[in-house]
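In case you want the letters, here they are:
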Amino acid sequence: MQVIAFGLAEVDTRARYDDLFEACPHAYIQQSTHWAEALQGLGPDQPIFLLASEGGREFGGLPLYLYRGAPGSILTSVPYAGPLGGVFSRLDSDRERVYAALLGEAQEIARAHGCLALTIISNPIDDDVDLYHRHLAPSVSLQNFTQIVDLDAVVSNGRLVLRNNKKGNPAATIKKAEAAGFSARLCSTSAEFEAWYTIHVQRATEIPTAPLDRRLAEHIWRDLGARGCSFLQLVMAGDEIAAGCLMVLHKRVCDVFAVSMNSAHASNAPNYLAVKAAMLEMATRGVKMMNWQSSPRRGDGVYKFKRQWGSEEKPYYFLTKTFCEDERILRLGAAGLRQAYPGHFVVPFGCFEAGTVAGTYLKGA
């Protein structure tokens, strides 16, 4: 199987990769070349895409990003917020051979650039971690978790159907929001986007957490939205935005990128109405799986909020292969790693306590 490495400027090869991506309904938007365009300007990453083909037909792809930090370069498939997706392939492909070819080439590229480490993320919906262990042989891994909603189970005939269970049920809170007189619509103007982003930053300050980079949020809403790969669901209190959900999608899978609420309306829970409206919008677009993405820890308020919508927890892994002695990474410490590689995963922070870049670490255990 042949593997070609290329950049965004290589039009013909990029078109072949894009055609393959469109033929893979189970892929994530973060695996696309369009996602790389959305990331441009956030940092010095050099996108490198791998395309595996045989007999004149493309079978698999892998997006990579080269980051040249002061302590050394790293190669990753997971830069910045909302990372998902390593290798993707046709459903009828020989996955063993596709993964072997793509991961073999990824390691050669990492060596050629003198990288300290190569990190690739596994798939939380279609478990492929064993393929990575066989063909990447990671030095260290971090087990993360996400929460997935099967939309076919909760949306029927254009209605949200949530049944009482041990996970809770948001139906009563949704009714409260509806009784408050809110309305729902998709964001359609730059002015509305700016107003939502102001609320997003304000809410992030209140929680507190880091807000999305404005450039990334705007590129997602405007540029990916123009391709039908994102939408910003708003809930309005008259002419004022009460809440909003920024979503990214590719065919069967939609990721919740940000949920933000104007705290002035918090008592009437407009965020619940925003999630309901976003779920219905996804269903009309043919989405089958809503991915909440990860939470800071299991059992916290964020995790419980996501769980009550019929979510099932799914594990996935950050898999890292190192190409240097452990000490080159360990002497940076967690703070040094953050400073040298902002917005990038390199190794689990647990490595610094253990004194070795090896083993499997658990998030939110």
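Just so you know, these numbers come straight off a predicted model, no measurement behind them. (Residues numbered from 1 in each chain as written. Predicted model: local features only at pLDDT ≥ 70, side-chain atom pairs only at ≥ 80, totals over all residues. Heavy atoms only, no water.)

Quick look at the pattern of salt bridges now. Two side chains of opposite charge can pair, provided their charged atoms sit close to one another. Scanning the entire structure with this criterion turns up 21 salt bridges. Notably, a salt bridge pairs Arg298 with Glu313, separated by 2.8 Å at the nearest N-O pair. Placement of Arg298 in the loop between β14 (289-291) and α10 (301-307) and of Glu313 in strand β15 (residues 312-322) is noted, with a sequence separation of 15 residues between them. Of the residues examined, Glu313 reaches a relative accessible area of 30% and is grouped as partly exposed. (Salt bridge = Lys/Arg side-chain N within 4 Å of Asp/Glu carboxyl O. Helix = DSSP H or I, 4+ residues; strand = E, 2+ residues; numbered from the N terminus. Buried < 20%, exposed > 50% of the residue type's maximum accessible area, 1.4 Å probe, protein only.)

Further remarks concern helix α3 (residues 95-112). With 18 residues, α3 ought to run about 26 Å at 1.5 Å a step, and its terminal C-alpha atoms sit 25 Å apart, in line with that. All of the buried residues along α3 are Val98, Tyr99, Ala101, Leu102, Leu103, Ala106, Gln107, Ile109 and Ala110. Phi for Gly114, located one or two positions after α3, is positive at around 60°. (Expected span 1.5 Å × (residues − 1).)

Bringing the packing of helix α6 (residues 171-179) against helix α9 (residues 270-284) into the picture now. Across the interface, α6 lies against α9 with an axial gap of 8 Å and an inter-helix angle of 100°. In terms of axis orientation, α6 runs roughly perpendicular to α9. Across from Thr173, Ile174, Ala177 and Glu178 in α6, the residues of α9 making contact are Tyr272, Leu273 and Lys276. Along the lines of polarity and charge, the residues of the contact of α6 with α9 split into 4 nonpolar, 1 polar and 2 charged. (Axes fitted to C-alpha atoms, helices over the stretch in contact; angles between N-to-C directions. Parallel < 35°, antiparallel > 145°, perpendicular 65-115°, else oblique. Contact = heavy atoms within 4.5 Å. Nonpolar A, V, L, I, M, F, W, Y, C, P; charged D, E, K, R; others polar.)

Nothing here speaks to function; it is all geometry.
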